[in-house]
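In case you want the letters, here they are:
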Amino acid sequence: MTDKPPEPILSPPSKPVTLQDWESVIDDFQHGGARRHRWTSAHPILIDQALSCLNKREFPLKLQLIVFLEEFSDPLFTSDPDSLPKNLHRLIETLRALIQTPADGVHVTLALKEQTMLSVTAIVIAADYMLDGLVELLLTVVNRPNHGVDRQARALACECLRELEKSYPCLLSDIGGHLWSLCQSERTHAAQSYILLFTTVVHNIVAKRLGVSILNTKVPLVPFSAPQVLVNGSAKEGSGGLNYKELRRAMSFLLEWPQVLTPCGMVEFLDLIMPVAMALELQALMLKVQFFGMIYSSDPLLCHVVLTMYRPFLDAFDGQEGQIASRLMLLSRETQQHLVFRLLGLHWLLGFGELVLRSEVRKVKGIVEMGLRFYPSVFDPLALKALKLDLLAFCSVCVDVLKLEGVSGEGKGNDKLVVKVFKDALVSVSAFKWLPPHSTETAVAFRTLHRFLIGASSHLDNDPSPTRSLMDSTTFTSIQGMLVDLMLEYRRLVPVIVALTDRLFGCQKHCWLGERLLQSFDQHLLPKVKLDYTLVSCFPVFDKIAKSDTIPPRGLLELLTKFMAFLVVKHGPYTGLRSWSQGSRVLGICRTFLMHHHTSRLFLRLSRLFAFTCLYFPDLEVRDNARIYLRLLICVPGKKLRDKLNLGEELGISPSALPSFNIQSPLSADNLKKSKGISSYVHLERVIPLLVQQSWSLSLSSFGFGNHETGYPEGIRDSEPIIEESEIDSSSNIQVTAQTIDRPHEPLRVMDAKISEILVTLRRHFSCIPDYRHMPGFKVRISCSLRFESETLSRLWGLDSPTDVLDELDALPALYATVLNFSSSAPYGSIASFHIAFLLGEPSRKIDISDQAAALAIVPLENVSREEESFRAPVMIELEPREPTPGLIDVSIETNAESGHIIRGQLHGITIGIEDMFLRAVIPPDVPEVASPGYYLDLFNALWEACGNSNTGRETFPLKGGKGVAAIAGTRSVKLLEVPASSVIQATERHLAPFVVSVTGEPLVNAVKDGGIIRDIIWRDDASDSSLDIAGSGTDFDRGPLHLTYTHDIDERDSTVNNRKKNMGCFHILIFLPPRFHLLFEMEVCDDSTLVRIRTDHWPCLAYTDDYLEALFLA
C-alpha cells in the first residue's frame, strides 16, 4: 500500500478522441463479441485518453465515461498488471481534482462528483490494489459533519468507506475514535451512513478480535496510513484480545440511534449488531426492549428485523410467541398492504411456527389455535389462498404432534378436527370441481390435499412407521372417500388424481400411501362406476391399478369384461370408431396386467376376456389383437412374455392396443413460438366497454336434483301430461277420444280480482318466452372489433413489404380467411365461430415532427374514426345464455398470411358483464305498438307483485313451445345511493333508457321530459295514482329524504324521515334476463340521494347488481 506513483513510461502522444469516437467505443464495448475484441490492443490508450478527457472542464461526456470505466474495469485496468498502479493513481488524482473543483451546475455537478467517488471505489476494489490516497480523500469528504450542501456526497463517501472496510477488514480500526466523534456531531440525514460506517468498523474489530482502542484519537484522521495488521499481516486473530469496556460503551451509543435509520438501514444495522452483542455477551433483553416494538410497525422490513432477532435469542422472547404470530397473521390480513407483503407475512408465519415447533412443542399450541381459525376468504388472491391452506395443513400437523406429546385432548376429537379443517379449507378453492384440470385453482386444491394427506410424515425420514400409522387415521380415510366421490362425479379430475398418486409413488417414504390409495380405489370405485361410454375417463386409474401387484386383479378384470360386453351390445352403424378406440384401450390395460402380474393370477379371467373379444367384438383389429394376446398368454411363460412385451417398448414400437387415430404432424418449433405470442399484436376488443370489470361469477350447480341436463339452475321443468292419446292406424274408422288421467287435485284456492289479473298478465308474458331446451332461446350479442399491428406481424413472420408501390395501403400486410373460435366455462351454450374473409393491418404511427405544418394540421375527428375503422373488422359474438351471469369467453384464432403461413394462437379473452344480459321484455304479437307502454307497465306491476309477498308463488306458467313450465321464486333487496338527482337522471338516460316503463312525480317527469331521451312510456305527474301504487302505500313526494330501517316488522317503503330535502319522483325499470328471468328497479329520486328497491326472480343476479349500480351512479 503506497501512494507513490510509479515512474511513467514514455509513449508517443496519441491523437485526441472526439465525442463521436467515444460514443462508438462505448457502443462497441457494450455490444461485445468481435466489436469489443478489436479494441484489445488499445486498452492503455483508451485509459490514457479517458483520464485526459475527465480532466477537461468542458468535456460533456464525463458521466458516461466514468460509468464506462467502472463497467469495463476488468479488461481495461487488469489486462496490464504493470501499468495498474500508475493508472489507479491517475484515477484517484482525477477524483481529487474533481472534488476540489467547485460545482457550477453545468460542467461540474454534485451528481458527477458522487458518481465518480462511487465508480473509483468500485474500480479499486475490483482491481484488489488498495491505495491509502483513496481512503484519505474519502475521509477528507467525510470530515465535514453538518455541512448541508454536500450532505449527499458525504453520505455516499461513508458508503464507499464501508465497502472498503468490508473488502479490507479493520482498515479503519485505528481511526475508530474519530468516526465515533463524527457520528456524534452529524445531525443531517447523512447520520445513517455515519452510524453504519462506525458499526461496520466495530463489527470487524470484534470479528477479528483486535485489541485496539475504539476511543483512541491519537492517530490522525488525515494523512491516512493503513494499520500494520493490514500492511504486513503479522497479527493473528485474537492475538490482542478485545477491549470489552470500550466496546460495550460503543454498543450503548449505537443502541441509542435506531430512530434515525430507515427500514433498510435498520436491517443492515441489526445484521451487524447481533454478532457483536453475542461476542460481548450482552443481555439479549437490551436488544429486545429496543427493537421488539417494531413488530407492530406497518413496514414489513421492520417485522423482519424482529424475526431475525428471535432465532439467536429464543430465551429472551419466551412467552411472546403468540404476539409475534398474531402480528404476522394480521399483516397477511391487511388488504391495504401489497400482495407480496401479505404473502411474505404468511411465509414468515409458517417459518416461525416451524421454528417454535422445533424449539418447544408446547409453545406451538397457541399458534395452532389461531391458525385453525384462519381460513382463506373466497375473494382472496389465489397465491394468498395457497399459503393460507399451507398454514392450515401445518396446523393439522401440529395437532398430530401435540397429540403424540400428550398436550392436546382426545385422539378421536383431534382426528375429527383435522378432517373438519380440511373440508372447510377446500371450500375456498371449490371451483376446481368444474374448472379445467390444468387450471391453477385445481393445482392449489390438490397441493393442499397432498399436504393434508402426508401429514407429519417427513420426506427425509426413512422410518415407515409414521406413514403406516397415518394410513389408519381418520384423515386418510376421509381423503380416500373424497377422491372416490370426485372421480365418480367429476370425471375430468381423474388425470389430476392419477398425478397425485404418481407424486406419492415418486417418494420412497410415501409410496405406501400411493399403494393404499390404489387399493381403496379398487375396493370402493370399481363397484360404483356406471357402465357406459363415460367409463373410458377412468382408464388412467385402471391402468395404475393394473400396474400394482399388491392389488388382486379380479375386480378390475370383471369390470373390463362387462364393459366389453356393453360395447358389443351397443355397437351400431355410428359407433364403429368409438368401439375400436375403447376396445383397444381395454386391451392396453390387459397388456399392463401381463407386464406386472404373474400369469397364474390372471389366466382364468384374462383368458375369458380375450376369448369373448375374439368371438364377439365387432372390430376386426381389436379381435386380432385379442387373439394375439390370448396366444401369448397360453403359449409363452410369464417371464418370457414380459420380455417380449418389453421388447416392443425398447424398440420404440407403440403397442397395438393403444389408439393412434387423429394424429397431426406437429408444428415447427419456430412457428409454435411465434404463435404463442400472437395476442401481443392481434387484438380482439369490445366496442362498448363494460361499466363493471367483473372478476368473478356466481354459478350454482344443480347437485343432481331434478331432471336437468345441465348443471345450471334453469328454473324450467317439463309439464306433467294430463291427456293420454292412443295411437291407431290411419285407415281405421274407430273414433278415438282423449281420456284424462286421474291425478290428485290441489286444494281449491280463492283469489281476488287483482291476483287474477296478475296471473293473466304473467301467463301471457311467459307464453312468449321460448323453452331453450326444445327451441332456440334469446340471443345476447356482443359487438367487438378485430385488428392487428402490421409492423409486428411482418417482423415476426418475415413478411417483406413491396417497395415499388405508390399507395401506402398496398404495402400493408393482410390476413385472409380468418376464423375466430369461442369457448367459455360459463353457461352460454354453444358459441358459433366467426369468419372474416379479409383484414388489412394497422399502419405504424410515425409522425414527422420536423414538418411543422403537418404537425399543426387540423384533422376532422370523423376522418380519423373512418381511417381506424378501415383497419378493423367488426365481430359479433352471439351467446344463448342458460343463466344470466358474467363470465369470460376464450378466443382462439386461425388465419392465413400472405406468405402462406397458417397462424394459430390464443387471443385475450372477452369479458362478459351483467349489463350484457339486459334485454327488453318481449311483446306479445297481438299487442299493437301504441299499447306497448301500457303493456310494459302492467307487466312491471305483475312481476313486482309476484316477486314480493304475493300468493302467486305456487303458480306455474307454460313457456313457448308447450313442453316446459316456469315458476317465480322472487326475492328483493334495497340500496341507498348518495348521489344528486341530476347524476341519477343522466346515468338512467344514458344506460337504462330502453328499460324505463314509467316515471312518476311531477318534478321528475318535468326533468326527464325536458331531456327528450326517454320516450314512449307512461308518465304520471300525480304519484297517488292507483295504477302505480305498486308499493302498497301512498307515495308523498314532499316527505323528505330516504331513510333505511333495519326493523323487519316495518316495510322498507314506510321508513321515511321528515326533512327539508324534496322527493322528486320514481323511475320504474323492467329488465329481462335471458333465458326467462327479470330484474326490477324502483328508484325513488331525491335531491341528494336515491333509494333503489330491487326485486327479481333470480336471486344470484343480486351479487352483481350492487357493483353495477355503484359503477352506474357513483363513478
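Residue numbering note: each chain is counted from 1, following its sequence as written. It should be noted that, the model being predicted, local features are given only for residues of pLDDT at least 70 and side-chain atom pairs only at 80 or more, the latter also being counted only at that level, while totals for whole chains, interfaces and linings use all residues. Where side-chain values are given, they derive from all heavy atoms of the structure, hydrogens and water being excluded.

## A look at the overall build of the chain
Convention followed: Numbering of helices and strands runs from the N terminus, with a helix taken as a DSSP run of H or I at least four residues long and a strand as a DSSP run of E at least two residues long. The contact criterion used is simple: two residues touch if any of their non-hydrogen atoms lie within 4.5 Å. Every accessible area reported is derived by Shrake-Rupley at a probe size of 1.4 Å, with residue values counting cover from the shown protein chains alone.
Across its full length, the chain carries 41 helices and 18 strands. The long-range fraction of contacts in the chain, counting pairs at least 24 apart against all pairs at least 6 apart in sequence, stands at 72%. Counting every atom, the chain has about 56,800 Å² of accessible surface; 53% of that belongs to carbon and sulfur.

## Here we look at the pattern of salt bridges
The cut-off we apply is this: Any carboxyl oxygen of Asp or Glu that lies within 4 Å of a side-chain nitrogen of Lys or Arg is treated as forming a salt bridge with it. Buried means the residue's accessible area, taken with a 1.4 Å probe over protein chains only, is under 20% of the maximum for its type, while exposed means over 50%, and partly exposed covers the values in between.
Within this structure, the stated rule accounts for 37 salt bridges. Two residues, Arg-162 and Glu-159, come together in a salt bridge whose shortest N-O distance is 3.2 Å. Of the two residues, Arg-162 and Glu-159 are both situated in helix H9 (residues 151-167); the distance of three residues between them amounts to about one turn of the helix. Classification of Glu-159 as partly exposed rests on a relative accessible area of 26%. The residue Glu-685 makes a salt bridge to Arg-787 at a minimum N-O spacing of 2.8 Å.

## A look at helix H10 (residues 176-185)
Burial analysis of H10 places seven of its ten residues in the buried class, the great majority of the element. Of all the positions in H10, only Gly-176, Gly-177, His-178, Leu-179, Trp-180, Leu-182 and Cys-183 are classed as buried. Looking at the buried positions of H10, the neighbouring elements they touch are helix H8 (132-142), helix H11 (191-208) and helix H13 (244-254).

## Brief notes about the nonpolar core
The condition that has to hold: Residues belong to a common nonpolar core when they are buried Ala, Val, Leu, Ile, Met, Phe, Trp, Tyr or Cys residues joined through side-chain atoms within 4.5 Å.
With 213 residues, the main nonpolar core has Trp-22, Phe-68, Leu-172, Phe-198, Leu-483, Phe-521 and Phe-610 as its most contacted residues. With 14 residues, the top contributor of residues to this core is helix H20 (residues 382-405). Excluding anything up to four places from it in sequence, Phe-610 contacts Leu-587, Cys-590, Ala-626, Tyr-629, Leu-630 and Leu-633.

## Overview of the sheet that holds strand E5 (residues 780-788)
Sheet strands line up and pair through hydrogen bonds in the backbone, either parallel or antiparallel. Operational definition: Between any two strands, at least two bridges found by DSSP are needed for them to pair. Interaxial angles span 0 to 180 degrees and are taken between N-to-C directions of axes, which are lines fitted to C-alpha atoms, for helices over the stretch in contact.
With antiparallel pairing, the three strands of this open sheet are ordered in space as E1-E5-E8. Two strands in the sheet have a free side with no partner beyond their single neighbour: strand E1 (682-686) and strand E8 (873-879). Strand-to-strand, the axes of this sheet are offset by a mean angle of 30 degrees, without reference to chain direction.

## Describing the pairing of strand E18 (residues 1090-1096)
Taken across its seven residues, E18 has seven buried, putting it largely inside the fold. Pairing geometry for strand E13 (residues 971-977) and E18, over seven bridges, is antiparallel. Opposite Val-974, over in E18, you have Arg-1093 as the bridge partner. As paired strands, strand E17 (residues 1077-1086) and E18 are joined by seven bridges and run antiparallel to one another. Its bridge partner being in E18, Val-1085 is matched across the sheet by Thr-1090. Between the antiparallel neighbours E17 and E18 lie three residues.

## Looking at the packing of H9 against H11
Defined as follows: Between 65 and 115 degrees an angle is taken as roughly perpendicular, under 35 as roughly parallel, over 145 as roughly antiparallel, and anywhere else as oblique. By convention the crossing between two helices is left-handed if the near helix lies anticlockwise of the far one by an angle smaller than a right angle, and right-handed if it lies clockwise. Think of it as three bins: nonpolar holds Ala, Val, Leu, Ile, Met, Phe, Trp, Tyr, Cys and Pro, charged holds Asp, Glu, Lys and Arg, and polar takes everything else, Gly as well.
As a packed pair, H9 and H11 sit with axes 8 Å apart at the nearest point and diverge in direction by 15 degrees. Regarding the angle of H9 to H11, the classification is roughly parallel. The chirality of how H9 crosses H11 is left-handed. Counting all contacts with H9, which are made through Arg-154, Ala-155, Cys-158, Glu-159, Leu-161, Arg-162, Glu-165 and Lys-166, the residues of H11 involved are Ser-193, Tyr-194, Leu-196, Leu-197, Thr-200, Val-201 and Asn-204. For the contact of H9 with H11, the residue count by class is seven nonpolar, three polar and five charged.

## Considering the packing of aromatic side chains
Note the following rule: Any pair of Phe, Tyr and Trp rings, taking the six-membered ring for Trp, is counted once the centres come within 6.5 Å. Such a pair is stacked with planes under 30 degrees apart, edge-to-face with planes over 60 apart, and tilted for the rest. For a lysine, the NZ atom is tested; for an arginine, the CZ atom; a charge sits over a ring if that atom is within 6 Å of the ring centre and within 35 degrees of the ring normal.
Using the criterion set out here, one finds 23 aromatic pairs in the structure. Each member of the aromatic cluster is reached from another via a ring pair, and the members are Tyr-533, Phe-539, Phe-542, Phe-563 and Phe-566. Here Arg-578 stacks its cationic end above the ring of Tyr-533, 4.2 Å away from the centre of that ring.

## Details of the sheet that holds strand E15 (residues 1018-1020)
In space, the six strands of this open sheet follow the order E13-E18-E17-E16-E14-E15, with mixed pairing throughout. Each edge of the open sheet carries a strand with a single partner, namely E13 and E15. Across the sheet, the axes of successive neighbouring strands diverge by a mean angle of 15 degrees, strand direction being ignored. Bridge count between strand E14 (residues 996-1000) and strand E16 (residues 1063-1073): four bridges; the pairing is antiparallel. Residue pairing across strands places Val-999 opposite Phe-1067, the latter belonging to E16. Lying on the sheet, helix H41 (residues 1102-1113) is in contact with E13, E17 and E18; it crosses E13 at an angle near 25 degrees.

## Observations concerning the pairing of E17
Most of E17 is tucked away: ten of the ten residues are buried. Side chains Phe-1077, Leu-1079, Phe-1081, Met-1083 and Val-1085 project from E17 onto one buried face, and the interleaved His-1078, Leu-1080, Glu-1082, Glu-1084 and Cys-1086 project onto a second face that is buried too. Examined bridge by bridge, E16 and E17 share ten bridges and lie antiparallel to one another. Its bridge partner being in E17, Ile-1071 is matched across the sheet by Leu-1079. The hairpin turn running from E16 into E17, its antiparallel successor, is three residues long.

## Concerning the environment of Ala-284
The residue Ala-284 is located in helix H15 (residues 284-291) in this model. Residue class for Ala-284 comes out buried when judged on its relative accessible area of 19%. Along the primary structure Ala-284 and Tyr-310 are separated by 26 residues, whereas in three dimensions their C-alpha atoms are 9.9 Å apart. The contacts of Ala-284, once residues within four sequence positions are left out, are Phe-313 and Ala-316.

## Remarks on helix H40 (residues 1002-1011)
Rules: Relevant arc is that of directions from the helix axis to the C-beta atoms, nothing else.
Buried within H40 are the following residues: Leu-1004, Val-1005 and Val-1008. Across the axial projection of H40, the buried residues extend over an arc of 100 degrees, all falling on one side. On its buried face, H40 is in contact with helix H39 (981-991), E14, E15, E16 and E17. Positioned one or two residues after H40, Gly-1012 has a phi angle of 75 degrees, which is positive.

## Regarding the environment of Ala-499
Looking at the element boundaries, Ala-499 is found in helix H25 (residues 494-505). On the basis of relative accessible area, Ala-499 is assigned to the partly exposed category, the value being 41%. Between the C-alpha atom of Ala-499 and that of Val-541, which follows or precedes it by 42 residues, the distance is 9.8 Å.

## Focus on the confidence of the model for the chain
To keep things clear, this is the line we draw: As a per-residue quantity, pLDDT reports the predictor's confidence and falls between 0 and 100.
Considering every residue of the chain, the mean pLDDT works out to 79; 80% of them sit at 70 or more. Within the model, the stretch residues 700-714 combines pLDDT values under 50 with 24 contacts to residues more than four positions away or in other chains. Low confidence marks residues 847-857, where pLDDT is under 50. Its contacts with residues over four positions away, or in another chain, come to zero contacts.

## Regarding the environment of Asp-74
Structurally, the position occupied by Asp-74 is in helix H5 (residues 73-77). What makes Asp-74 exposed here is its relative accessible area of 55%. Each C-alpha atom of the pair Asp-74 and Ala-127 lies 7.4 Å from the other, and the pair is 53 residues apart in sequence.

## Details of unusual backbone geometry
That bond from Val-222 to Pro-223 is cis: its omega, 0 degrees, falls within 30 degrees of zero. For Pro-223, the position within the fold is in the loop between H11 and helix H12 (228-231). Along the chain, Pro-1074 connects to Pro-1075 via a cis peptide bond; the corresponding omega equals 10 degrees. Structurally, Pro-1075 is set in the loop between E16 and E17. For Asn-146, which is not glycine, the phi torsion reads 65 degrees and is therefore positive. Inspection of the secondary structure puts Asn-146 in the loop between H8 and H9. Backbone geometry places Arg-209, a non-glycine residue, at a positive phi of 55 degrees. In this structure, Arg-209 sits in the loop between H11 and H12.

## Structural notes on the packing of H11 against helix H14 (residues 263-279)
Helices that pack against each other are described as a pair by the angle of their axes relative to one another and the distance between those axes. For the pair H11 and H14, interaxial distance at closest approach is 9 Å and the crossing angle is 30 degrees. Here H11 lies roughly parallel to H14, going by the angle between them. Of the two possible hands of crossing, H11 and H14 adopt the one that is left-handed. Residues Gln-192, Ile-195, Leu-196, Thr-199, Thr-200, Val-202, His-203 and Val-206 of H11 pack against Gly-265, Phe-269, Leu-272, Ile-273, Pro-275, Val-276 and Ala-279 of H14. Of the residues that constitute the contact of H11 with H14, the class distribution is ten nonpolar, five polar and no charged.

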